[in-house]
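Residue-level structure breakdown
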Amino acid sequence: MATFPSPESTEAAFYAAFQAGDAQGMREIWHDSAECVCIHPGGERLQGTDIILESWDDILPGMRGVIVHRTQVTAIPGEDLVLHVLRENLYVQGERRGVMLATNGYRHDGESWRMVLHHASPDPEPTPEWPTGGVH
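What you see is a predicted model, and the numbers here were worked out from it, not measured in a lab. (Residues numbered from 1 in each chain as written. Predicted model: local features only at pLDDT ≥ 70, side-chain atom pairs only at ≥ 80, totals over all residues. Heavy atoms only, no water.)

Section: helix α1 (residues 7-20)
Threshold: A run of H or I in DSSP counts as a helix once it spans at least four residues, and a run of E counts as a strand once it spans at least two, with each numbered from the N terminus. How far a helix is expected to stretch is found by multiplying one less than its residue total by 1.5 Å. Each residue is placed in one exposure class: buried if its accessible area under a 1.4 Å probe, protein chains only, is under 20% of its type's maximum, exposed if it is over 50%, and partly exposed if it falls in between. The arc in question is the one traced by the directions running from the helix axis out to the C-beta atoms. Every residue pair with non-hydrogen atoms within 4.5 Å of one another is taken to be in contact.
Taking 1.5 Å per residue, 14 residues should reach 20 Å; α1 reaches 20 Å between its end C-alpha atoms and fits that length. Of all the positions in α1, only P7, T10, E11, F14, Y15, A17 and F18 are classed as buried. All buried residues of α1 lie within an arc of 160° about the axis, which places them on one face of the element. As for α1, its buried residues are in contact with α2 (23-29), α3 (49-59), β3 (66-76), β4 (81-92), β5 (95-108) and β6 (113-122). Phi for G21, located one or two positions after α1, is positive at around 65°.

Here is the structure:
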């Protein structure tokens, strides 16, 4: 199993798996715990790693080709639990198709940082596109 030396490296692996539609990559980043929580946009609260990973198995095939540009990342530090609050700008073929507000939580399990929380919902007031458009 992969190890992640920081919450940032775990988050980078999460978004890499998301963008690649990589279910195995997604499995590598989640902490194996009944306490993990995931809330997809417009979805119900999913608790426990098994049900969370089942949801990603359904979602990920449709994510290939989606690029996520993270902005306005705010890190809330802690000793063994770190939260990141951010905007996910979703692009398809260079055009922004949506903006999600997300909260990601990472816990250190003694060997590696692992994801324990992902909650995303549509941004009711997304910031305008960059003047040049596309992904930056």
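Regarding unusual backbone geometry
Apart from glycine, the bulk of residues carry a negative phi angle, and the bulk of peptide bonds sit in the trans form. For Q72, which is not a glycine, the phi torsion comes out positive at approximately 50°. If you trace the backbone, Q72 turns up in strand β3.

Concerning the pairing of β6
Counted only if it meets this: By definition, two strands form a pair when at least two bridges between them are found by DSSP.
Relative to β6, strand β1 (residues 37-39) is paired through three bridges, and the arrangement is parallel. Each residue of the ladder has a partner; that of C38, found in β6, is H118. Examined bridge by bridge, β5 and β6 share nine bridges and lie antiparallel to one another. Bridging from a neighbouring strand, M100 pairs with P122 of β6. Linking β5 back to β6 in an antiparallel pair, the connection comprises four residues, with G110 at a positive phi of about 100°.

Side note on the pairing of β4
Relative to β4, β3 runs antiparallel, the two being bridged by nine bridges. Bridge assignment links H69 to a residue of β4, and that residue is N89. For β4 and β5, the ladder comprises 12 bridges, and the chain directions are antiparallel. Paired with N89 across the bridge in β5 is V99. Here β4 folds back onto β5, and the loop between the two strands holds two residues, one of which, Q93, carries a positive phi near 50°.

What about the sheet that holds strand β2 (residues 45-47)?
Rules: Helix axes use the C-alpha atoms of the stretch in contact, all axes being lines fitted to C-alpha atoms, and the angles between their N-to-C directions lie in the range 0 to 180 degrees.
Pairing within the open sheet is mixed, and its six strands lie in the order β2-β1-β6-β5-β4-β3. Of all the strands in the sheet, just β2 and β3 have a single pairing partner and so form its edges. Across the sheet, the mean angle from the axis of one strand to that of its neighbour is 25°, orientation sign disregarded. This element, α1, spans β3, β4, β5 and β6 of the sheet and lies at about 160° to β3.

Some points on the nonpolar core
As a reminder of what qualifies: Buried residues of nine kinds, namely Ala, Val, Leu, Ile, Met, Phe, Trp, Tyr and Cys, make up a nonpolar core once their side-chain atoms join them within 4.5 Å.
Counting residues in each nonpolar core, the largest one holds 27 residues, and the members touching the most others are F14, M26, I29, W30, I52 and W56. Looking at this core, the elements with two or more residues in it are α1, α2, α3, β3, β4, β5 and β6. Leaving out residues up to four positions away in the same chain, F14 has contacts with M26, I29, W56, M115 and H118.

Remarks on the layout of surface pockets
Quick note on the threshold: Lining residues are those with an atom within 4 Å of a point, where the points come from a 1 Å grid over the protein atoms alone and group into cavities, where a 1.4 Å probe fits but cannot get out, or pockets, open sets with protein on both sides within 12 Å along at least five of seven lines. Grid points are joined across faces, edges and corners, and a volume is the space filled by probe spheres set on the points. Under this grouping Gly is polar, as are all residues other than the nonpolar Ala, Val, Leu, Ile, Met, Phe, Trp, Tyr, Cys and Pro and the charged Asp, Glu, Lys and Arg.
What the largest pocket holds in volume is close to 160 Å³. What lines the largest pocket is simply H31, S33, E35, C36, V37, L81, L83, G105, R107, V116 and L117. At the level of elements, β4, β5 and β6 are the ones that each hand at least two residues to the lining of the largest pocket. Looking at side-chain class alone, the lining of the largest pocket contains six nonpolar, three polar and two charged residues.

Note that all results are geometric; they support no functional claim without further evidence.
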